[in-house]
Amino acid sequence: DRLFAIGGLGEGGYEEETVFQAAIEADCTLGPWEPAPSLPNGVFDHASVAIQGNLFVTGGRTINLYKYDTVYRSKVIANGDLGTWSELSSLPAPLSAHAAVFAQDHLFVVGGISATGTLSATHSAHVISNGALAGWSETTALPHPLYEHASVFADGRLLVAGGHDGSMVQDRLY
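Remember, predicted model here, so these are calculated numbers, not experimental data.

A. Local environment of the side chain of Arg73. Within the element layout of this structure, Arg73 appears in strand 6 (residues 71-76). The buried charged residue Arg73 lacks any salt bridge, with Glu87 as its nearest oppositely charged partner at 12 Å. A polar contact of 3.4 Å, which involves the side chain of Arg73, links it to the backbone oxygen of Gly131. Ignoring any residue separated from it by four or fewer positions in sequence, one finds Arg73 in contact with Asn54, Leu55, Phe56, Thr84, Trp85, Ser86, Leu88, Asn130 and Gly131.

Spelled out as structure tokens, the structure:
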């Protein structure tokens, strides 16, 4: 098992393309951080999720507020290291500060910020067994626009917690 640190803001306040990995030891401590294959572009305010032996990175932005609609995938190889990154089907729109979660063979992208503002939209794409995505479709929207929130799939439900609605921090659970 590995823990991955992907992109983000580096020293000097610039978006990073670097990826680091650390082994999760049997006693739940971490081994040393080691470099892994870098993303093709520097990005922060993105979301990442592990799905069926793959690591996905969705959207994000640059310090110049350029938002990405990119979805990258890296296969986790047999020894736990990452393979090279490949670009998959783009998100329906450029997006940052969203959440991504895997549930019922689908990658869900929830809320976030687009060029038009804070979103309540939720989109999903079917994850094919080879790690490819089979197109995006819009599904049930959040009751309110949110960004910088957390999402998890538990007990058969997609849960969304906290975040910001564009005017104030939220403490709701949906």
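From this point, things continue past the structure.
B. Spotlight on the sheet that holds strand 8 (residues 99-103). Spatially, the four strands line up as an open sheet ordered 8-9-10-11, and their pairing is antiparallel. At either margin of the open sheet sits one strand with a lone partner, and together these are strand 8 and strand 11 (133-139). Ignoring strand direction, the axes of neighbouring strands in this sheet form an average angle of 25°. Alignment of strand 8 against strand 9 (residues 106-114), held across five bridges, turns out to be antiparallel. The residue bridging Ala99 from the neighbouring strand is Val110, located in strand 9.

C. Spatial organisation of the packing of aromatic side chains. One pass over the structure, following the stated rule, counts one aromatic pair. Ring centres of Tyr66 and Tyr68 lie 5.1 Å apart, and the angle between their planes is 85°; this geometry places the pair in the edge-to-face category. Its relative accessible area of 14% is what places Tyr68 among the buried residues.

D. Spotlight on the nonpolar core. Counting 15 residues, the largest nonpolar core has Phe56, Val71, Leu107, Leu133 and Trp136 as the members making the most contacts within it. Contributing elements (two or more residues each) for this core: strand 4 (47-51), strand 9, strand 10 (117-127) and strand 11. With three residues, strand 4 is the largest single contributor of residues to this core. Judged by nonpolar contacts, the second largest core, of 12 residues, contains Ala36, Leu39, Leu55 and Val57.

E. Structural detail: empty space enclosed by the protein. In the structure shown here, the tally under the stated rule is one cavity of 30 Å³ or more. Roughly 40 Å³ of internal volume is contained in the largest cavity. Around the largest cavity, the lining residues are Asn41, Val43, Val57, Thr58, Gly59, Tyr68, Thr70 and Tyr72. Looking at the lining of the largest cavity residue by residue, the classes come out as four nonpolar, four polar and no charged.

F. A look at the pattern of salt bridges. One pass over the structure, following the stated rule, counts two salt bridges. Here Arg2 makes a salt bridge to Asp81, at a shortest N to O gap of 3.0 Å. Of the two residues, Arg2 sits in strand 1 (residues 2-9) while Asp81 sits in the loop between strand 6 and strand 7 (82-87), which places them 79 residues apart along the sequence. Close ionic contact of Asp45 with Arg61 constitutes a salt bridge, the shortest N to O distance being 2.9 Å. Taken as a pair, Asp45 in the loop between strand 3 (34-36) and strand 4 and Arg61 in the loop between strand 5 (54-58) and strand 6 lie far apart in primary sequence, 16 residues in all.

Cut-offs and rules
- Residues numbered from 1 in each chain as written.
- Predicted model: local features only at pLDDT ≥ 70, side-chain atom pairs only at ≥ 80, totals over all residues.
- Heavy atoms only, no water.
- Helix = DSSP H or I, 4+ residues; strand = E, 2+ residues; numbered from the N terminus.
- Buried < 20%, exposed > 50% of the residue type's maximum accessible area, 1.4 Å probe, protein only.
- Lys, Arg positive; Asp, Glu negative; His and termini not counted.
- Salt bridge = Lys/Arg side-chain N within 4 Å of Asp/Glu carboxyl O.
- Polar contact = N/O pair within 3.5 Å; in protein donor to acceptor, adjacent residues only side chain to side chain.
- Contact = heavy atoms within 4.5 Å.
- Pairing = 2+ DSSP bridges.
- Axes fitted to C-alpha atoms, helices over the stretch in contact; angles between N-to-C directions.
- Phe/Tyr/Trp six-rings, centres within 6.5 Å; stacked < 30°, edge-to-face > 60°.
- Core = buried A, V, L, I, M, F, W, Y, C linked by side-chain atoms within 4.5 Å.
- 1 Å grid on protein atoms, 1.4 Å probe; cavity = no way out; pocket = protein on both sides within 12 Å on 5 of 7 lines; lining within 4 Å.
- Points joined across faces, edges and corners; volume = space filled by probe spheres on them.
- Nonpolar A, V, L, I, M, F, W, Y, C, P; charged D, E, K, R; others polar.

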